[in-house]
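Descriptive analysis of the structure
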Amino acid sequence: MTQKDKPWLFRTYAGHSTAAKSNALYRGNLAKGQTGLSVAFDLPTQTGYDSDHVLARGEVGKVGVPICHLGDMRALFDQIPLEQMNTSMTINATAPWLLSLYIAVAQEQGADISALQGTVQNDLIKEYLSRGTYICPPKPSLAMITDVAAYTREHLPKWNPMNVCSYHLQEAGATPQQELAYALATGIAVLDDLKTKVPEAEFPAMVGRISFFVNAGIRFVTELCKMRAFTELWDEICRDRYGIEDEKYRRFRYGVQVNSLGLTEQQPENNVYRILLETLAVTLSKNARARAVQLPAWNEALGLPRPWDQQWSLRMQQILAYETDLLEFGDLFDGNPVIAAKVEELKSGARDELATLDAMGGAIAAIDYMKGRLVEANAERLNRIEANETVVVGVNRWQQGEESPLTAGDGAIMVVDPAVEQDQIARLNDWRAGRDEGAVQLALGALRDAAKAGKNIMPWSIAAAKAGATTGEWAGIMRAVHGEYRGPTGVSASPSNRTEGLEPIREAVDAVSARLGRRLKFVVGKPGLDGHSNGAEQIAFRARDCGMDITYDGIRLTPEQIVTAARDQDAHVVGVSILSGSHLPLIEELMDRMRAAGLTHVPVVVGGIIPDDDAARLTGMGVARVYTPKDFELNRIMMDIVALAEPGDKAA
């Protein structure tokens, strides 16, 4: 028989509700043939809050599993031998802490720590640009990334200590050239800092352990070329910038989740084809093939996937790897002039963008610039869809179709039981009551001293984990020592030059502003911990270009802060965006506070991944309009806002 290559790792990105429920899901997926784990943590865990913190309200267990302490991590991996597992953890700001909990659980299992295999995603730079689960300012955050890398060099030699993540850059609208350049610039920033923390002789091997986590969109030929460009540019950077001679240390090693940005709420069954085509982009080319693949589920634009939905995505990988002959051949594209030309075009564009970033002082210094460019690129992407220049089947073409039986009836998506939050808080209180408080405070004090002194925080974090400290307590130390950070929004106060096609809306805004006696004031806010800011940014961006006076202060606001802004700035309309599934409790609180502040005359519009039943409940709370991903025509939304701002009886 033909000798076949070893397939990539099969993963599904999973975690929800509680550690025990997520553990059952993991063991079920492994039994179905999954070969690695990819852990999704909930937003409080990712942003360093315990489940009972005020900002965690409504967010516990929604987009991942809540992990507050060693007991939770122990339950998460119950009956899963970590010494035999390859685990990817999407963490970011709390990466040192959750890796510490993972190490502590492995030690409890009796594992050889040096045998642990996996990856920790702790790319804080892309968090400032796209995902929003950062805590501290860029420089101390970079230091924490390289602390993890330096610690694994000595203690976890098989672990990938840094996962440069371009995935969310594409989700934020990055062009292929921007995705290449911004991710590579992040890798450079990390290696420049890491070089000061490891022995010179060990540095090449550490370069070889840096991994990437990328995205693959529907233009799969371009995406395939992008991956070949990534491999060639990274090889070039490692060789020329860092003098890495051994080819194996210059290898571009990456995992992938294919595009979620392109998944549609309309005709969601079509997403199966999109996911498969996008998977081909990262598997067809042997010389640029992913080392691990996790696929979204077909119905993620509707809500939380069920185990069956995840199984369907897993089977897609298995059929591709085992039923086709893909793994029996060398690279299919070597020597192809069309592919080679596209790769060179992408590399040239990425080099130009990298030169711009270098002139600014590198990725850390260029965060504001990169954020602005991403918001602009995403606006251009949406403009093309609205203008039908980019066809999205079922969205702006061929909208008519048969109703999908896959989405019919109850249970089409998984819904997290609201009682999960109180159960988690009760377990957290029990944990605090049962621990040795003196030992915890001693460990946290030592952690604080180490952080202040600029020492590697990993040993002290592991000690705090074993003593019984919580996620919120660990992050509280980091906040106290390094301060908190609010990233750039990418939405400037000045309108862009791209206002063609907006003339009727601008005229309507001018007219209603004249009747109001001042410029139409639109306050946009993101309550809770959801850092997916694309929607809010694009609404604010378009509203600004339509002539409205907008306020958008970015992510992670409390309902109280949004209501205060609405009152202090005398808003005519308030817009709220939530994509984490926490819309019901957060909007309920916001509407209660609007009433208490005497702002019932100010219409509130809400956007997010909101099922029809929830939309009806929001309307019942007094919300004026509810928008979901199917509402892609931003100009129509702008006209709705103008109508809502109309003074007096005319608004009706």
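Residues numbered from 1 in each chain as written. Predicted model: local features only at pLDDT ≥ 70, side-chain atom pairs only at ≥ 80, totals over all residues. Heavy atoms only, no water.

Quick look at the overall build of the protein chain now. For the protein chain, the helix and strand inventory stands at 24 helices and 15 strands. Radius of gyration (C-alpha) of the protein chain: 24 Å, near the 26 Å computed for a compact globule of 652 residues. By its C-alpha atoms, the protein chain is 75 × 70 × 55 Å across when sized along the principal axes. Each of the 652 residues in the protein chain was classed as buried or not, and the buried ones make up 59%. Across the protein chain, contacts joining residues at least 24 apart in sequence account for 81% of those joining residues at least 6 apart. Counting only carbon and sulfur atoms, one obtains 51% of the accessible surface of the protein chain, whose full area is about 25300 Å². Put simply, the protein chain has 67 plus and 83 minus side-chain charges, and the middle of one group is 2 Å from the middle of the other. (Helix = DSSP H or I, 4+ residues; strand = E, 2+ residues; numbered from the N terminus. Rg over C-alpha atoms; globule rule 2.2 N^0.38 Å. Buried < 20%, exposed > 50% of the residue type's maximum accessible area, 1.4 Å probe, protein only. Contact = heavy atoms within 4.5 Å. Areas by Shrake-Rupley, 256 points an atom, 1.4 Å probe, with all protein chains shown as cover. Lys, Arg positive; Asp, Glu negative; His and termini not counted. Charge placed at Lys NZ, Arg CZ, Asp CG, Glu CD.)

We now examine empty space enclosed by the protein. Counted under the stated rule, the structure contains three cavities of 30 Å³ or more. Here the largest cavity is characterised by a volume of approximately 110 Å³. As for the largest cavity, its lining consists of 18 residues, and the residues nearest its centre are Tyr134, Lys371, Pro488, Ser533 and Ile555. Per element, the largest residue contribution to the lining of the largest cavity is five residues, and it comes from helix H5 (residues 124–131). Taken together, the residues that form the lining of the largest cavity break down as six nonpolar, seven polar and five charged. Reported here for the second largest cavity is a volume of approximately 60 Å³. As for the second largest cavity, its lining consists of Ala93, Leu124, Ile135, Cys136, Ser141, Met144, Trp474 and Met478. At the level of elements, helix H6 (138–155) and helix H18 (471–482) are the ones that each hand at least two residues to the lining of the second largest cavity. Partitioning the lining of the second largest cavity into residue classes produces seven nonpolar, one polar and no charged. (1 Å grid on protein atoms, 1.4 Å probe; cavity = no way out; pocket = protein on both sides within 12 Å on 5 of 7 lines; lining within 4 Å. Points joined across faces, edges and corners; volume = space filled by probe spheres on them. Nonpolar A, V, L, I, M, F, W, Y, C, P; charged D, E, K, R; others polar.)

With that out of the way, let us pick up the packing of aromatic side chains. Enumeration over the complete set of coordinates arrives at 17 aromatic pairs. Taking the centre distance of 5.9 Å and the plane angle of 70 degrees together, the rings of tryptophan 8 and phenylalanine 10 count as edge-to-face. Accessibility expressed as a relative area gives 5% for tryptophan 8, which makes it buried. Since its relative accessible area comes to 1%, phenylalanine 10 is described here as buried. Geometrically, the ring pair formed by phenylalanine 10 and tyrosine 322 is edge-to-face, given 5.9 Å between the ring centres and 85 degrees between the ring planes. (Phe/Tyr/Trp six-rings, centres within 6.5 Å; stacked < 30°, edge-to-face > 60°.)

Applying the stated criterion across every chain yields a total of 40 salt bridges. For the salt bridge of arginine 373 with glutamate 353, the shortest nitrogen-to-oxygen distance reads 3.4 Å. Taken together, the positions of arginine 373 in helix H14 (residues 367–386) and glutamate 353 in helix H13 (residues 337–360) put the pair 20 residues apart, joining distant regions of the chain. A relative accessible area of 31% places arginine 373 in the partly exposed class. For glutamate 353, a relative accessible area of 10% gives the class buried. For arginine 544, the salt bridge identified is with aspartate 545, shortest N-O distance 3.0 Å. The same class applies to arginine 544 as to aspartate 545, namely buried. Taken together, the salt bridges that share partners define one network made up of Asp235, Arg239, Asp240 and Arg250. (Salt bridge = Lys/Arg side-chain N within 4 Å of Asp/Glu carboxyl O.)

Each turn of an α-helix holds 3.6 residues, which means side chains three or four residues apart point in the same direction. For helix H15 (residues 419–434), spanning 16 residues, the distance from its first C-alpha to its last is 23 Å, which sits close to the expected 22 Å at 1.5 Å a residue. When we look at burial in H15, the residues that qualify are Val420, Glu421, Gln424, Ile425, Leu428 and Trp431. Projected down its long axis, H15 shows its buried positions confined to an angular sector of 130 degrees, all on one face. Every exposed residue of H15 that faces more than 90 degrees away from the buried side is listed here: Gln422, Asp430, Ala433 and Gly434. Looking at the buried side of H15, the elements it contacts are helix H3 (70–76). (Expected span 1.5 Å × (residues − 1). Arc of directions from axis to C-beta.)

Before going further, it helps to spend a moment on the nonpolar core. Phe522 and Met548 are the most contacted members of the largest nonpolar core, which has 169 residues in total. Looking at this core element by element, the count peaks at eleven residues for helix H8 (residues 176–194). Not counting the four nearest positions on each side in its chain, methionine 548 is found in contact with Val509, Arg519, Leu520, Phe522, Ala543, Met638, Ile641 and Val642. Among the nonpolar cores identified, the runner-up in size contains 25 residues, and Ile587, Leu590, Ile610 and Met621 belong to it. (Core = buried A, V, L, I, M, F, W, Y, C linked by side-chain atoms within 4.5 Å.)

When we look at burial in helix H21 (residues 559–568), the residues that qualify are Pro559, Ile562, Val563, Ala565 and Ala566. All buried residues of H21 lie within an arc of 160 degrees about the axis, which places them on one face of the element. At the exit of H21 stands aspartate 570, carrying a positive phi of roughly 50 degrees.

Over the atoms rolls a probe the size of a water molecule, and its path tells where empty space is left. Empty space within the second largest pocket amounts to approximately 1200 Å³. Lining the second largest pocket are 45 residues, with Arg253, Tyr254, Ala290, Arg291 and Ala292 sitting closest to its centre. Of all elements in the fold, only strand E1 (9–11), strand E4 (86–90), strand E5 (117–121), strand E8 (210–214), helix H10 (220–240), strand E9 (254–257) and strand E10 (292–294) reach the threshold of two or more residues within the lining of the second largest pocket.

Before going further, it helps to examine the sheet that holds E10. An order of E1-E10-E9-E8-E7 is seen for the five strands of this open sheet, with the pairing classed as parallel. The strands lining the two open edges of the sheet, one partner per strand, are E1 and strand E7 (162–165). Neighbour-to-neighbour, the strand axes of this sheet turn through a mean angle of 20 degrees, independent of strand direction. Relative to E9, E8 is paired through three bridges, and the arrangement is parallel. Along E9, the bridge assignment pairs phenylalanine 212 with tyrosine 254. (Pairing = 2+ DSSP bridges. Axes fitted to C-alpha atoms, helices over the stretch in contact; angles between N-to-C directions.)

Honestly, that's just the spatial picture; any functional story needs more than this.
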